[in-house]
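So you can see what is in the structure, the chains are spelled out below.
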Amino acid sequence: MPKYTIVPGTEVPQTPFYYYDLDLLRRTLKTAADEAGKYGYRIHYALKANVEPRILAEIQRAGLGADCVSGYEVRCAVENGFAPQQIVFAGVGKSDREIEYAIRAGIFAFNCESLQELEVIDELAAKQGKVVNAALRINPNVQPDTHKYISTGQSESKFGISYTEVDAALAKLHELEHIRIVGLHFHIGSQIRKMESFAELARRVNEIAEWFESKGVELKHLNMGGGLGIDYGDPDAEPVPDFAGYFRTFRDNLRVREGQTVHFELGRSIVAQCGELITRVLYTKTTAGGAHFAITDAGMTELIRPALYSAHHRIENLTAEADRQPRPTGLYSIAGPICESSDVFARDIEFPESRRGDVLSIRSTGAYGSIMASNYNMRPIAPSLFSDGE
Ligand SMILES: *Cc1c(COP(=O)(O)O)cnc(C)c1O
């Protein structure tokens, strides 16, 4: 069974729950790996998008590395079978304990985000008698066309080392004996649908890499980060994101030297479309102004993206679709049960007349869904079900 469907005569498990289409995940992984493989590019999966063990197992089996943004994610990657040599560790605020753990685990590289962090990593590596690989995360000042909360590569953002500070960073690196600089890292944001933003990133990287080379720094690795967006409006139109166009954009715009390896860190584009959040309508009501509300048993505790980023997810009434009698539509707002006004999945959408007990699917929730779940209002974390029934 691919996307979740109601089978007449069988009971829908207790809602809310996350549902994952493993066939779609495998197809997505194969496409991503094949397209990257054409140019010898390497993909690290960004664990922060989803850490379901079954999903991680598929990703690991497909040969992807891991991109982590906390020491806990580094440990999770190791425990789920990723080779330490395939793990990179980014993040603006790595604690001493997290750094110590990652050094001990023998990860491939730290993506360093400040001069001070370089000093701390050097000191902690010295204590363990090791020399560790580091890539400098440079903030390239590229403005992608995405929501301000998920864009990270503009000059005023907290991420990365400012391009105005690379001189100082290089001077610092000459003093640090326990850090080996292996390359540059970039990540300009998430849910980027315009390939031109990636082309602009590639062109900026060419300039920055050239500057480092002119200073005698050999860059073995160029890491372009992640950020490839997906079609939230119509997930069935593009179940597998445009990896071909994405990697081709870098092939066409990024200058790669002999012996240099290009890395990517993809999260959302790998896992978003294979996931759905299945929920039931608890109540329906009409406001004084005549607006219809359907209140669901899932809320911002299961999917916070609409409340946090004003994100849109496609919502379907599976019970109405399975009905023999077509239902009239109306303007509905779909809202969760949490005591917060922002706990609304969609406002005034054209939606089939909905009734108590109807089963709804909120689409494209495989990335930044379950991983951002909380216990607010003392709610338990919703379970995950898989398309193979296991
Ligand atoms: C979040 C993040 C990613 C993944 O971003 P997606 O938009 O999910 O592909 C990659 N690299 C870093 C450093 C990140 O913080």
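Residues numbered from 1 in each chain as written. Predicted model: local features only at pLDDT ≥ 70, side-chain atom pairs only at ≥ 80, totals over all residues. Heavy atoms only, no water.

Applied cut-off: UniProt positions are given in the numbering used here, feature names are shortened, and annotations may be inferred rather than shown by experiment.
Looking up the protein in an unreviewed UniProt entry gives the name Diaminopimelate decarboxylase, with the organism given as Rikenella microfusus. We quote the UniProt Pathway (unreviewed entry) comment for the protein here in full: "Amino-acid biosynthesis; L-lysine biosynthesis via DAP pathway; L-lysine from DL-2,6-diaminopimelate: step 1/1."

## Digging into the site of the ligand
For the record, the criterion: Nearness is judged by heavy atoms alone; a residue qualifies as near a molecule or strand once a single heavy atom is within 4 Å of it. Polar contact criterion, stated in full: a pair of N or O atoms within 3.5 Å, where within protein one must be able to donate a hydrogen and the other to accept it, and residues adjacent in sequence count only if both atoms are side-chain atoms. The accessible surface values rely on the Shrake-Rupley method and a 1.4 Å probe; as for residues, cover is taken only from the protein chains in view.
Taken together, 16 residues sit near the ligand, with K48, S190, E265, R268 and Y368 positioned nearest. In the model, an oxygen atom of the ligand is placed 2.9 Å from a nitrogen or oxygen of the G227 main chain. Separating an oxygen atom of the ligand from a backbone N or O atom of R268 is a distance of 2.8 Å. In isolation the ligand exposes 390 Å². Once the protein is present, 95% of that is buried.

## As for the UniProt feature "active site" (unreviewed entry) in the protein
Heads up, the condition is: Strands here are runs of E lasting at least two residues and helices are runs of H or I lasting at least four, both read from the DSSP assignment and numbered beginning at the N terminus. Partly exposed residues are those whose accessible area sits between 20% and 50% of the maximum for their type, while under 20% is buried and over 50% is exposed, using a 1.4 Å probe and protein chains only. Whether two residues are in contact is decided by their heavy atoms: any pair within 4.5 Å suffices.
In the numbering used here, UniProt assigns the "active site" (unreviewed entry) feature to C339. As for its position among the elements, C339 is in the loop between β14 (329-335) and β15 (344-352). Residue C339 is classed as exposed on the basis of its relative accessible area, which comes to 65%. Look past the residues within four positions of C339 in its chain and what remains in contact with it is Y376 and N377.

## Here we look at the pairing of strand β11 (residues 275-286)
Put simply, the rule reads: Two strands form a pair only when DSSP identifies at least two bridges running between them.
Bridge analysis of strand β1 (residues 17-20) against β11 gives four bridges, and the strand direction is antiparallel. Directly across from Y20, in β11, lies its bridge partner G275. In this structure, β11 lies alongside strand β16 (residues 359-362), joined through four bridges in antiparallel fashion. For R280, the partnering residue across the bridge sits in β16 and is V359. Direction of pairing for β11 relative to strand β12 (residues 292-296): antiparallel, over a ladder of five bridges.

## Some remarks on the UniProt feature "binding site: pyridoxal 5'-phosphate" (unreviewed entry) in the protein
Taking the UniProt record as the reference, the feature "binding site: pyridoxal 5'-phosphate" (unreviewed entry) is found at G227, E265, L266, G267, R268 and Y368. With respect to the helices and strands, G227 occurs in the loop between β9 (221-223) and α8 (243-253). Judged by relative accessible area, G227 falls into the buried class, the value being 9%. Among residues more than four places away in sequence, those in contact with G227 are H187, G189, S190, Q191, I192, F198, E265 and L266. Within the secondary structure, Y368 sits in the loop between β16 and β17 (384-386). Residues within four places of Y368 in sequence aside, it is in contact with K48, A49, S190, R268, L303 and R305.

## Section: the packing of helix α1 (residues 22-37) against helix α2 (residues 53-61)
Condition: An axis is simply a line fitted to the C-alpha atoms; with a helix, the fit covers only the stretch in contact. Between two such axes, the angle follows the N-to-C directions and lies from 0 to 180 degrees. Oblique is the label for any angle not covered by the other classes, which are roughly parallel (under 35 degrees), roughly antiparallel (over 145) and roughly perpendicular (65 to 115). Here is the rule for handedness: rotate from the far helix to the near one, and if that takes an anticlockwise turn smaller than a right angle the crossing is left-handed, while a clockwise turn gives right-handed. Note on residue categories: nonpolar means Ala, Val, Leu, Ile, Met, Phe, Trp, Tyr, Cys or Pro, charged means Asp, Glu, Lys or Arg, and polar means any other residue, Gly included.
Axis separation between α1 and α2 bottoms out at 10 Å; the angle between their running directions is 30°. With respect to α2, the element α1 is oriented roughly parallel. Remark: the crossing between α1 and α2 carries right-handed chirality. Here L22, L25, R26 and L29 of α1 lie close against α2, whose contacting residues are R54, I55, E58 and I59. Residues that form the contact of α1 with α2 fall into these classes: five nonpolar, no polar and three charged.

## A few points about the pattern of salt bridges
Any two side chains of opposite charge can pair, so long as their charged atoms come close to each other. To keep it simple, the criterion reads: In the sections that follow, a salt bridge refers to a side-chain nitrogen of Lys or Arg positioned within 4 Å of a carboxyl oxygen of Asp or Glu.
Applying the stated criterion to the full structure yields 24 salt bridges. Taking the shortest distance from any N to any O, the salt bridge between R193 and E238 comes out at 3.1 Å. Here R193 is found in the loop between β8 (179-185) and α7 (195-214), whereas its partner E238 is found in the loop between β9 and α8, with 45 residues between them in sequence. With relative accessibility at 39%, the residue R193 sits in the partly exposed group.

## Some thoughts on the domain arrangement of the protein
Selection rule: Residue ranges assigned to each domain were obtained from an automatic or database domain assignment. Put simply, buried area is how much 1.4 Å-probe accessible surface two parts lose in total, over both of them, once they are put together.
Here the domain parsing of the protein yields domain 1 (22-270) and domain 2 (273-386). Computed over C-alpha atoms, the centres of domain 1 and domain 2 are 33 Å apart. With 23 residues of domain 1 at the contact, the number on the domain 2 side is 18 residues. Taken over both partners, the interface formed by domain 1 and domain 2 buries close to 2,000 Å², and the fraction arising from carbon and sulfur atoms is 58%. If you sort the residues of domain 1 by the area they bury against domain 2, Y232, P235 and R268 come out on top, with a joint share of 27%. In this assembly, domain 1 and domain 2 are joined by one salt bridge. Applying the counting rule to domain 1 against domain 2 returns six residue pairs in polar contact (both at pLDDT 80 or more). Broken down by secondary-structure element, the contributors of at least two residues to the side of domain 1 that touches domain 2 are α1 and α2. In terms of residue count, α1 provides more of the side of domain 1 that touches domain 2 than any other element does, three residues in total.

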